[in-house]
Amino acid sequence: MYIRKTRLLTPGPTPLLPKALHAMMGSDIHHRTEEFRNIYRTVLADLKEVMGTSNDALILVASGTGAMEASVSNLFSPCDKVVVCCAGKFGERWVEIVKAHGLDAVVLSAEYGESIAPERVEQALRENPNARGVFVQASETSTGAAHDIQAMASIVKKTDAIFVIDAITGLGTQPLDIDGWGLDVVIGGSQKAFMIPPGLAFISLSPKAWAFSETAKLPRYYFNLKKEKKSAAGGESSWTPNTSLIIALAEALKYIKSIGMDKLIANAQMLAKATRAGVLTLGLELFAKHPAGSVTAVRAPKGMDSSAIVKEYHSRFASVIANGQGSMKGQIFRIAHLGYFDFPDLFAMMAELEIILHAQGYPVEFGKGVAAVQRVYADAAVAKEAVHA
Ligand SMILES: *Cc1c(COP(=O)(O)O)cnc(C)c1O
């Protein structure tokens, strides 16, 4: 028998920032008070600052999908033509949401593990000049693939369509210059790089997007962005907010500001780079052609079910890592980097992986993957300033 500490190592929910977790003890607060309004105002301002935009940033009480749905119901009308990039389970979610709302979707699909080339978006917009919107994932968490948001934005910007980005695992893991690139709608979620539990969604809207809200005819009630913006101006949310999470978010944003959003992104990208080095050294293959900084999807060795790897992480070490979703279940496992992850987390994950692969009969020279991770750390960080609060 060995002690096993529970470690939450999935790409959402992610490890919690201790200070944010402790702050949730102060949840015995009423939301229609000046005390709470002050917290809410600060959180909204900090969110805007961390997202790096002059656009309005709003908070919705929902998981990330709520903000995805809100972007559709608040900005579009029935039968509007839209272009949807679909390269994984979350792209499929965009397709389902726009279809559920009666939009006319031109779907650009890619095999799991591939990304949609920006040229395909350009062509779709050329062939559908009446398209009102383009939907994409910055980081397709189900496959570990990134999209070239900057290149796509430069294409969409020249048209009358708005660019709607599910950046739920993109924020804090890859650069997203909302104002500079012209990202009309950017969506985030609390349980990803924001280091707090699930239950809050974030959405920023450009003036071009707000203009769409003036003519959009789809029905909406709970997610009413115009109403939410008006409430936010008074330091309140439209409905009863998730006070415990808002208080946690206040601490998390303070932390992210203290290290800098660019450093949080660099941290995720460095961990992703080290992970790639580690798994490739062990002879494994990456699943995504254009791997994201948020999560690394790794193919299980030939003849091995990735579910066995995920199961052994849990049974041997109480580490919770992600399997593949849908038809990718059993094929891949995913190592997360977004938010409150550090190199010691990765040293452990890689050492665990070596032991698990060995136990499953895959030839492993112990320490080889870990050494590759250590080398990336040493090259990047030993001589330079480390990321810490
Ligand atoms: C986590 C995630 C979502 C949101 O899922 P919820 O369960 O609603 O929070 C959406 N898109 C991507 C890319 C995600 O990683």
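For clarity, every value in this text was computed on a predicted model and none was experimentally measured.

Reading the values: the criteria
Residues numbered from 1 in each chain as written. Predicted model: local features only at pLDDT ≥ 70, side-chain atom pairs only at ≥ 80, totals over all residues. Heavy atoms only, no water. Helix = DSSP H or I, 4+ residues; strand = E, 2+ residues; numbered from the N terminus. Rg over C-alpha atoms; globule rule 2.2 N^0.38 Å. Buried < 20%, exposed > 50% of the residue type's maximum accessible area, 1.4 Å probe, protein only. Contact = heavy atoms within 4.5 Å. Areas by Shrake-Rupley, 256 points an atom, 1.4 Å probe, with all protein chains shown as cover. Lys, Arg positive; Asp, Glu negative; His and termini not counted. Charge placed at Lys NZ, Arg CZ, Asp CG, Glu CD. Core = buried A, V, L, I, M, F, W, Y, C linked by side-chain atoms within 4.5 Å. Domains from an automatic or database assignment. Near = heavy atom within 4 Å. Polar contact = N/O pair within 3.5 Å; in protein donor to acceptor, adjacent residues only side chain to side chain. Nonpolar A, V, L, I, M, F, W, Y, C, P; charged D, E, K, R; others polar.

Enquirer: What exactly am I supposed to notice about the overall build of the protein here?
Expert: A tally of helices and strands in the protein yields 14 helices and 15 strands. Its C-alpha radius of gyration of 21 Å places the protein within 12% of the 21 Å reference for a compact globule of 389 residues. Reported as C-alpha extents along the three principal axes, the dimensions of the protein are approximately 60 × 55 × 40 Å. Among the 389 residues that make up the protein, the fraction classed as buried is 57%. In the protein, the share of contacts with a sequence separation of at least 24, taken over all contacts with a separation of at least 6, comes to 71%. For the protein, the exposed surface amounts to about 16,200 Å²; the carbon and sulfur share of it is 54%. Here the protein carries 40 positive and 38 negative side-chain charges, and the mean point of each set is 1 Å from the other.

Enquirer: Whenever I open this one, the nonpolar core confuses me. Can you help?
Expert: Note that soluble globular proteins tend to have their nonpolar side chains buried in a common cluster. By size, the foremost hydrophobic cluster in this structure holds 123 residues, and its most contacted members are Ile59, Phe163, Leu183 and Leu353. Ranked by residues supplied to this core, first place goes to helix H10 (residues 243–259) with 10 residues. Split by domain, the residues of this core number at least three in each of domain 1 (7–13 + 260–388) and domain 2 (18–259). The contacts of Leu353, once residues within four sequence positions are left out, are Val279, Leu282, Leu284, Ile309, Tyr313 and Phe333.

Enquirer: Could you clarify how one ought to interpret the site of the ligand in this entry?
Expert: Taken together, 14 residues sit near the ligand, with Ser63, Thr65, Thr141, Asp166 and Lys192 positioned nearest. Between the ligand and Gly64 there is a distance of 3.1 Å, counted from an oxygen atom to a backbone nitrogen or oxygen. One nitrogen or oxygen atom from the side chain of Asp166 is found 2.6 Å from a nitrogen atom belonging to the ligand. Protein chains shield 88% of the accessible area of the ligand, which is 380 Å² for the free molecule. By residue number, the principal contributor to the shell around the ligand is helix H3 (residues 64–75), which donates three residues. A breakdown of the residues in the shell around the ligand according to their chemical character gives three nonpolar, eight polar and three charged.

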